[in-house]
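What the coordinates show
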Amino acid sequence: MAGRRHAPRMRELRDGQNDSNQNSQNDSDGLLSVEPSQQSYRSVPSSPSSYRRTRPNMTSQAGGAPDERTALLGTTRSSRIRIASAHGTPRAPTLSRNQSYGTGEGTDTVRGNPPTRHHSRANSWGQRLVRALADRQEESVSESKGSHFPEDRVWYDQFTSTDWVHDSIADAHRVKALRSRKDFWGRVYILFDGAQGWILSALVGFVIAVLAYIVDVTESTFFDFKDGYCARGWLISEKRCCPHGPCTDWRDWGEVMHGWPFGERWTEFVIYLGLVITLASVSCLLTLTTKTVVPSAYRLSTLDENLAAAPVSPGGDGDEGVDSPNGNGTPSRRTSVAPPASAPPMIYYSAAGSGVAEVRVILSGFVLHGFLGLKTLIIKTVGLVLSVASGLSLGKEGPYVHIATCVGNIACRLFSKYDRNDAKRREVLSAAAAAGVAVAFGAPLGGVLFGLEEVAYFFPAKTLFRTFFCCITAALTLKFLNPYGTQKIVMFQVRYLIDWEYFELVSFILVGVLGGAAGALFIKASRKWAVTFRRIPVIKKHPLLEVVLVALVTGLIGYWNGLTKMPVAKLLYNLAAPCDDRDNNLEDLGLCPDSKADIPPILWHLLWAFLIKGFLTIITFGIKVPAGIYVPSMVVGGLMGRLIGHMVQWLVLAFPDSAMFSSCNKVSSVSCIQPGVYGLIAAGSTMCGVTRLSVTLAVILFELTGSLDYVLPFSLAILVAKWTADAIEPLSIYDLLTEMNSYPFLNNKHKPVFTSELIDIVPRARRERIIDISNSPLVPATSLRSKLESLHRAGELDGGLPIIRNDILVGLIPAPDLEYALDNLPDESTALCLMANVPSIDDSDDEDGGGRRDPTDFSPYIDPAPMALDIRSPMDLVYELFVKLGLRYICILRDGKYAGMTHKKTFVKYMRELEEKEGKE
């Protein structure tokens, strides 16, 4: 298709239409007149065709009053502004598509002088591996994708959405071309093509397990280093140094310092406090290197997992390099305007938090450049080791999901089938995210369900099976590596030998209610903390100061309580495990009573630990370090559940002659009540209240205990917890973060009640938003540029321009394709562009320069059959199209004639307004 000759018909059209087209610039097309300053505007191309042009991350800004087409992420200006990122220096604006994956270097080109195409992408495996490990910040998740034609590529810009339909069509054309080969090597290529998904799944699972092993072993050693060191080796943790309990090989710092200078006890405390602050600060400093500056056009609402993105003052660090690729003030092709002082740019850190919310948004098709790059992977891994080792109230399980997705994204670069197709890439990313949970909890089945229930947006049967394979591969690898020294893959393994009694069902339900309420209240408390403390100017401006303060508070109040000082994973095990003198992994925390009189002191001890841990978890969530919320929320719930368990135990011992408890006292010398069961059930219920995971949590708890007897109590408590949490706070922590960040994410798990029609969200059709070819299929390039800038001013970087003839919709050209096509014109000021398929008079293949397509023929970029609905269509149908098909926009017809177009962001905004209205009612 790309090789057809258009020169004869283009010459014929131009000879007869030059005069009419000069007039049509202001008349028939209804185009905006272009000022000289606008004519000089040259934007870096968004979608490479025969050449990929990598460029800095762009966003847009616009002035003026907002209207119904204003970008969801904020108002925009007429120029598009680059997002400054710490992931790497932006490359030159024009690169060959085939060499942009590798060294990240290229040669600048001007219009009419494109780079040569002598670099083939079909390189050796060694070169592919080097390129896969290259930190391609501006590509990250979002890669260019194939369209109907091999040489026509669509580039996904920052903060845009994936076109799932076109990606699916592109892959169908690729498969058809592959299967057309009937020779021996053609069949070999088909087999290899089918095996690529399995190879990637196995590779990703193996690498994730290795990284999890490194993190687990390293953080335990650094964590114990705050208390002392092993005389047999500095890199040996306390558990490996003294596997059977206290021993002489482990030396505390007070003993090493001989009590100098504050006495043995206080010297240990000072060293402990200093190392807590040091480790947390170093982790924060590493995280701050992943800073990305977002112009005010895409101003985040400051409630991501950082929970308070810091503003950058105009002229400060955030503006460095905005006007030029190298930040030295040299004007670039894409002229930019600095944001006003009233709307400073925002910054976010890709290595901060757990990243689960962003991973979920990415898998839905939203583009966040640099979030899954190699630099983010390295910094997140190293920073996670330090942050967990510092003893802060955070976990490593959530960040495992982000780290695993980074591995999946980088591995996709080995195969062009996944590297060039964004929809195919997300199949691997879904499997990688599930494997992250599998290695975090040692629960491969729970990982598969996590991918299905939480992060995956599109999960067909093929993806489900590959996800299962990836999780099993990761679990097997972790089994051989043996990070915990127990020959087990689970974080901890609990065995309950005593079955539960029927009267305990009431207690289990109560635990579920309290756990769900605690999780929902944690969400509210975290939001309140973010909009109060983190809004203090000095805290907002200096993230490191907040980390130091949180580390200081954690060391001061957490050191003196034996429960809060422990690592969160070890504490959770001690709260959930039954009392057994033969268990060497249990610490002597005084949680196993021998009589009724021992229970009240235990209750006070647990109550203080519950209050301290709950407070520390609230103030820690959101600081600028890699941090998860899964296990900390489970620990808080475990403390509460253990409290309730001991209360029930006290009741059984206080009323031994009660008919309800008559059979209970015959089971054990103390009672049949196992407080550890209540602790684990409450832990799962609280995590359910925070994340709203249900089936996944029940399976994870089953895999941790390995006991079928307690599947029913686990499931019942989680069911009640979810009902309770939904009643108190409708949104999970990740739904809330996604909404407050204003990501164009359509929740496919929650559908509002629609009673309206499509006409309610249709903006009025504007002449500058359409291409009218009623008088002539030739349109001046300057007019197309003006229309494109109109889209950019509205923030629709991934929008499109409908093409109409006599008010009938005949096609649509996506904005990234139009921008690329215009950038390839040799002389934009005088060029006339063909916007329709016109029958050729001479179909000879010997003309027009030996097969080169005329750059002024834009017909290959046009979608001849865009998705269109009647203006009276029900809103339920619109929802299904956006969610199930993953459309970016829908054209709207009235009685068969074009009436407008609605964008996915517009629909998301409408849905949120509808949900807010329902919430107030």
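Described in the following lines is the structure provided in the data block. (Residues numbered from 1 in each chain as written. Predicted model: local features only at pLDDT ≥ 70, side-chain atom pairs only at ≥ 80, totals over all residues. Heavy atoms only, no water.)

The subject of this paragraph is unusual backbone geometry. Cis geometry is found at the peptide bond from Trp 260 to Pro 261, where omega equals 0 degrees. Inspection of the secondary structure assignment puts Pro 261 in the loop between helix 7 (253-256) and helix 8 (264-288). In the Ramachandran plot, Asn 482 falls in the positive-phi region, its phi being about 55 degrees despite a non-glycine side chain. Structurally, the position occupied by Asn 482 is in the loop between helix 15 (461-481) and helix 16 (504-532). (Helix = DSSP H or I, 4+ residues; strand = E, 2+ residues; numbered from the N terminus.)

Taking 1.5 Å of rise per residue, the 13 residues of helix 27 (residues 781-793) would be expected to cover 18 Å, and the 18 Å separating its terminal C-alpha atoms lies within 8% of that figure. Where burial is concerned, most of helix 27 is hidden: 12 out of the 13 residues are buried. With its phi angle positive at about 80 degrees, Gly 795 sits one or two positions after the end of helix 27. (Expected span 1.5 Å × (residues − 1). Buried < 20%, exposed > 50% of the residue type's maximum accessible area, 1.4 Å probe, protein only.)

With that out of the way, let us pick up the packing of helix 8 against helix 18 (residues 543-558). Relative orientation of the contacting elements helix 8 and helix 18 amounts to 155 degrees, with a least axis distance of 9 Å. Between helix 8 and helix 18, the angle falls in the class roughly antiparallel. Here the hand of the crossing between helix 8 and helix 18 comes out right-handed. Every residue of helix 18 that contacts helix 8 at Phe 269, Tyr 272, Leu 273, Val 276, Ile 277, Ala 280, Ser 281, Cys 284, Leu 285 and Leu 288 is listed here: Pro 543, Leu 544, Val 547, Val 548, Ala 551, Leu 552, Gly 555 and Leu 556. (Axes fitted to C-alpha atoms, helices over the stretch in contact; angles between N-to-C directions. Parallel < 35°, antiparallel > 145°, perpendicular 65-115°, else oblique. Left-handed = near helix turned anticlockwise from the far one by under 90°. Contact = heavy atoms within 4.5 Å.)

Burial analysis of strand 15 (residues 889-894) places five of its six residues in the buried class, the great majority of the element. Looking at chain direction, strand 15 and strand 16 (residues 897-903) are connected through six bridges and run antiparallel. Within strand 16, the residue paired with Cys 891 across the bridge is Met 901. What sits between strand 15 and strand 16 in their antiparallel hairpin is a turn of two residues, with Asp 895 showing a positive phi close to 55 degrees. (Pairing = 2+ DSSP bridges.)

So, on to the environment of Phe 621. Examined against the element boundaries, Phe 621 turns out to sit in the loop between helix 21 (599-620) and helix 22 (630-654). Remark: the alpha-carbon pair of Phe 621 and Leu 394, spanning 227 residues in sequence, is separated by 7.3 Å.

Here we have three strands laid out as an open sheet, ordered 9-11-12, and mixed in their pairing. Of all strands in the sheet, those with a lone pairing partner are strand 9 (771-772) and strand 12 (808-814), marking the two edges. The sheet contact formed by strand 11 (residues 800-805) and strand 12 spans six bridges and is antiparallel. Within the sheet, the bridge partner assigned to Ile 803 lies in strand 12 and is Gly 811. Sheet strands in contact with helix 27 are strand 9 and strand 11, and its direction is about 130 degrees off that of strand 11. Running over the sheet, helix 28 (residues 815-823) touches strand 11 and strand 12 and is turned about 70 degrees from strand 12.

With that out of the way, let us pick up the nonpolar core. Counting 165 residues, the largest nonpolar core has Phe 441 and Phe 907 as the members making the most contacts within it. Ranked by the residues each element gives to this core, the list is headed by helix 13 (residues 422-441), at 12 residues. Residues contacting Phe 907, with those up to four places away along its chain left out, are Leu 746, Phe 754, Ile 761, Met 875, Val 878, Tyr 879 and Phe 882. Among the nonpolar cores identified, the runner-up in size contains 23 residues, and Leu 788, Leu 801, Cys 833 and Met 835 belong to it. (Core = buried A, V, L, I, M, F, W, Y, C linked by side-chain atoms within 4.5 Å.)

Turning next to the pattern of salt bridges. Going through the model one piece at a time under the given rule, you end up with 28 salt bridges. Here Asp 193 and Lys 417 are joined by a salt bridge, their closest N and O atoms 3.6 Å apart. Here the residue Asp 193 occupies a position in helix 5 (residues 184-224), and Lys 417 occupies one in helix 12 (residues 416-419), the gap between them amounting to 224 residues. In this pair, the class of Asp 193 matches that of Lys 417, namely buried. Across the pair Glu 255 and Arg 251 runs a salt bridge whose closest N-O atoms are separated by 3.8 Å. Glu 255 gets classed as partly exposed once you look at its relative accessible area, which sits at 39%. Judged by relative accessible area, Arg 251 falls into the partly exposed class, the value being 25%. In this structure, a network of salt bridges that share partners links the residues Asp 171, Arg 174, Asp 193 and Lys 417. (Salt bridge = Lys/Arg side-chain N within 4 Å of Asp/Glu carboxyl O.)

A few words on the environment of Ala 440. Relative to the assigned elements, Ala 440 resides in helix 13. Residues Ala 440 and Ala 475, spaced 35 residues apart in sequence, show a C-alpha to C-alpha distance of 9.8 Å. Ala 440 has contacts with Glu 397, Tyr 400, Tyr 484 and Met 491, leaving out every residue within four places of it along the chain.

Worth remembering: the numbers are spatial, not functional.
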